[in-house]
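Working through the structure, step by step
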Amino acid sequence: MLKFIVVIYKRPDLTREQFRRHLQDVHGPLAMNLPGLRKYVQNFICADPKRTPGWDAVVELYFDSWSSMEAAWASPEGAASDADLPAFADLTRTTWSAVEEITVLA
């Protein structure tokens, strides 16, 4: 299984609530339509006066393989998902990568 992580920074003109609503209600359904997607997780920061990570959400997308992930991004559904990113994400700071997940404690 291949895990793809996206660390998302919200657009500065959006409130956290507007950002979260768009990611959950608009972008989430677009991402869920990606062909070959096996699992999709949205992680939002919790209010914590001691810790402010700077980013606003981390998204995890799981595919069977590298080739199935690349096919998903190359599909019309992938293009629709990508086209929606500027509506809520600061693309000058948002970053992504495939990662190797190692479970240390389960």
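First, a word on scope: everything that follows refers to the structure included in this document.

Definitions and cut-offs
For every chain, the first residue of the written sequence is number 1, and numbering continues from 1 onward in sequence order. Side-chain atom pairs in this predicted model are given and counted only at pLDDT of 80 or more, local residue features only at pLDDT of at least 70, and totals for whole chains, interfaces and linings cover all residues. Each side-chain value is worked out from all heavy atoms of the structure, with water and hydrogens disregarded. By the criteria applied, helices consist of DSSP H or I runs no shorter than four residues and strands consist of E runs no shorter than two, each listed in order from the N terminus. Remark: exposure states derive from per-residue accessible area (1.4 Å probe, protein chains only) relative to the maximum for the residue type, with buried under 20%, exposed over 50%, and partly exposed in between. A 3.5 Å cut-off defines polar contacts: any pair of N or O atoms within that distance qualifies, except that in protein one atom must be a possible hydrogen donor and the other a possible acceptor, and neighbouring residues in sequence count only when both atoms are side-chain atoms. The contact definition used throughout considers only heavy atoms, calling two residues in contact when any of these lie within 4.5 Å. Whether a set of points on the 1 Å grid over the protein atoms alone is a cavity depends on a 1.4 Å probe fitting there but being unable to get out, while an open set qualifies as a pocket with protein on both sides within 12 Å along at least five of seven lines; lining residues are those with an atom within 4 Å of a point. Grid points are joined across faces, edges and corners, and a volume is the space filled by probe spheres set on the points. When DSSP finds two or more bridges between two strands, those strands count as paired. With axes taken as lines fitted to C-alpha atoms, and helix axes fitted only over the stretch in contact, angles between N-to-C directions fall between 0 and 180 degrees. As used here, the term nonpolar core means buried Ala, Val, Leu, Ile, Met, Phe, Trp, Tyr and Cys residues forming a set that is joined through side-chain atoms within 4.5 Å.

1. Quick word on the side chain of Lys3
The topology assignment puts Lys3 in strand β1 (residues 2-8). When its relative accessible area of 11% is taken as the criterion, Lys3 is described as buried. Only 3.3 Å separates the side chain of Lys3 from the side chain of Tyr62, close enough to count as a polar contact. Not counting residues within four places of it along the chain, the set of residues in contact with Lys3 comprises Glu60, Leu61, Tyr62, Ser97, Ala98, Val99 and Glu101.

2. Describing the layout of surface pockets
The volume enclosed by the largest pocket comes to roughly 220 Å³. Looking at the largest pocket, it is lined by 13 residues, and the ones nearest its centre are Phe4, Val6, Trp73, Asp82 and Leu85. Taken together, the elements giving at least two residues each to the lining of the largest pocket come down to β1, α1 (16-32), β3 (57-63) and α3 (76-84). The element that contributes the greatest number of residues to the lining of the largest pocket is β1, accounting for three residues.

3. Quick notes on the sheet that holds β3
As summarised here, the arrangement of the four strands in space is β2-β3-β1-β4, forming an open sheet in which the pairing is antiparallel. Each edge of the open sheet is held by one strand with a lone partner, namely β2 (37-44) and β4 (95-99). Going across the sheet, the axis of each strand differs from the next one's by a mean of 15°, ignoring polarity. Pairing geometry for β2 and β3, over seven bridges, is antiparallel. Note on β3: the bridge partner recorded for Leu37 is Phe63. α1 contacts β1, β2 and β3 of the sheet and is inclined by roughly 175° relative to β2. Contacting β1, β3 and β4, helix α2 (residues 66-74) crosses the sheet at an angle of about 115° to β3.

4. What about the nonpolar core?
Among the nonpolar cores identified, the biggest contains 22 residues, and Ile8, Leu23, Leu61, Phe63 and Phe88 are the most heavily contacted of them. At the level of secondary structure, the elements contributing two or more residues to this core comprise β1, α1, β2, β3 and α2. Look past the residues within four positions of Phe63 in its chain and what remains in contact with it is Met1, Leu2, Leu34, Pro35, Gly36, Leu37, Arg38, Ser68, Met69, Ala72 and Trp73.

In short, shape yes, function no, at least from these values alone.
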